[in-house]
Amino acid sequence: MEFLPKDPAILVSSVNMLLRDEEFDTLESLCYCFGKEPEDLKNYLSGHGFVYSETQRQFRPIGYDKMITKDSIETAYSFLHQKLRIYEHSTLDWQRDDIELAIASYADGMSKQLFDVISRGRTDFLRDHSRFQEDISQAVKRLEDML
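Since the model is a prediction, treat every value here as computed from it, not as a measurement. In every chain, residue numbers begin from 1 and rise along the written sequence. Thresholds applied to this predicted model are a pLDDT of at least 70 for local features of residues and 80 or more for the giving and counting of side-chain atom pairs; totals over whole chains, interfaces and linings are not thresholded and use all residues. Water and hydrogen atoms play no part in the side-chain values, which are based on all heavy atoms of the structure.

J.: Mind showing me how you'd approach the nonpolar core here?
T.: Where a protein is soluble and globular, its nonpolar side chains tend to be buried together. Throughout, nonpolar core names a set of buried Ala, Val, Leu, Ile, Met, Phe, Trp, Tyr and Cys residues whose side chains join them through atoms within 4.5 Å. Residue burial is assigned from relative accessible area. The probe radius is 1.4 Å, only protein chains are included, and a residue is buried under 20% of its type maximum, exposed over 50%, and partly exposed in between. Formed by 23 residues in total, the largest nonpolar core has its most connected members in Leu 114, Leu 126 and Leu 143. Helix numbering and strand numbering both begin at the N terminus, where a helix is a DSSP run of H or I of at least 4 residues and a strand a DSSP run of E of at least 2. Secondary structure elements with two or more residues in this core: α4 (70-89), α5 (93-109), α6 (112-119) and α7 (132-146). Considering each element in turn, this core owes the most residues, 6 residues, to α4. What makes two residues a contact is simply this: any of their non-hydrogen atoms within 4.5 Å. In this view, Leu 143 contacts Ile 73, Ala 76, Tyr 77, Leu 80, Leu 114 and Ile 118; residues no more than four positions away in its chain are not counted.

Below, the structure is given as structure tokens:
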């Protein structure tokens, strides 16, 4: 294969085949061979309904495992959306810190599959103080898109 296909379904099939047949050890090595950034590929396919599973070493449809229920998406969306609105309008440092701690704790208890989808593989997602406002905004948007 000289290049990666552009069509999302064919791209997923091709990437999964190359990883399954062990032509590449990791998604990163596959991407670099084809001159792509792994995060760009993950983001592109996420926008087309696929999420990368590190443990399976393959892209799967979002919600593939039935552990991501509509109820869990709605619950996460409601909680994060509410906290985001308070966080955006708060002028109290202690209140913003409390929200960050509450969200980090919530992320720790969240379904791994749902967290993988909204974090797009970033383990520090919703846990990094310097990126918190950007992360929570992205989480709310991604959950909203899943509803």
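J.: How should the side chain of Asp 135 be read in this particular structure?
T.: As for its placement among the helices and strands, Asp 135 is situated in helix α7. Residue Asp 135 is classed as buried on the basis of its relative accessible area, which comes to 0%. Nitrogen and oxygen atoms within 3.5 Å of one another constitute a polar contact, given that in protein one can donate a hydrogen and the other can accept it, and given that sequence-neighbouring residues count only through two side-chain atoms. For Asp 135, the side chain forms a polar contact with the side chain of Arg 122, separated by 2.9 Å. Within the structure, Asp 135 has its side chain in polar contact with the backbone nitrogen of Leu 126 (distance 3.1 Å). Excluding its chain neighbours within four sequence positions, the residues that come into contact with Asp 135 are Arg 122, Asp 124, Phe 125 and Leu 126.

J.: How should I be thinking about the packing of aromatic side chains in this particular structure?
T.: What describes a pair of aromatic rings is the distance from one ring centre to the other and the angle between the planes of the rings. We call Phe, Tyr and Trp rings a pair once their centres come within 6.5 Å, taking the six-membered ring for Trp, and we label the pair stacked below 30 degrees between planes, edge-to-face above 60, and tilted otherwise. Under the definition given, this model contains 5 aromatic pairs. Pairing Phe 24 with Phe 34 gives two aromatic rings, centres 6.2 Å apart and planes at 55 degrees, and the pair type is tilted. Linking Phe 24 in the loop between α1 (8-20) and α2 (27-33) with Phe 34 in the loop between α2 and α3 (38-46), this pair joins segments that are 10 residues apart in sequence. Since its relative accessible area comes to 15%, Phe 34 is described here as buried.

J.: Quick question: what am I supposed to make of the environment of Cys 31 here?
T.: As for its placement among the helices and strands, Cys 31 is situated in helix α2. In this structure Cys 31 comes out as buried when scored by relative accessible area, which is 0%. Spatially, the C-alpha atoms of Cys 31 and Leu 4 are 9.1 Å apart, while their sequence positions differ by 27 residues. With residues near it in sequence (within four places) discarded, Cys 31 still touches Lys 36, Glu 37, Pro 38 and Leu 41.

J.: Looking at this structure, I do not really get α3. What am I missing?
T.: Side chains of residues three or four places apart in an α-helix project in the same direction, reflecting 3.6 residues per turn. For α3, the complete set of buried residues consists of Pro 38, Leu 41, Lys 42, Leu 45 and Ser 46. An end-on view of α3 places all buried positions within 130 degrees of arc, on one side of the element. Its buried side turned inward, α3 meets α1, α2, β1 (50-53) and β2 (58-61). Picture the helix axis, draw a direction to every C-beta atom, and the arc is the one those directions span.

J.: Got a minute to help me understand the packing of α4 against α7 in this structure?
T.: Axes, fitted as lines to C-alpha atoms, cover a helix only where it is in contact. Angles between the N-to-C directions of the axes lie from 0 to 180 degrees. Viewed as axis vectors pointing N to C, α4 and α7 meet at an angle of 145 degrees, and their least axial separation amounts to 9 Å. As for the relative orientation of α4 and α7, their crossing is left-handed in sense. The segment α4 lies against α7, with Ile 73, Ala 76, Tyr 77, Leu 80, His 81, Lys 83, Leu 84, Tyr 87 and Glu 88 engaging Phe 132, Gln 133, Ile 136, Ser 137, Ala 139, Val 140, Leu 143, Glu 144 and Met 146. Crossing handedness is defined as follows: a turn of the near helix away from the far one that is anticlockwise and smaller than a right angle gives a left-handed crossing, while the clockwise case is right-handed.

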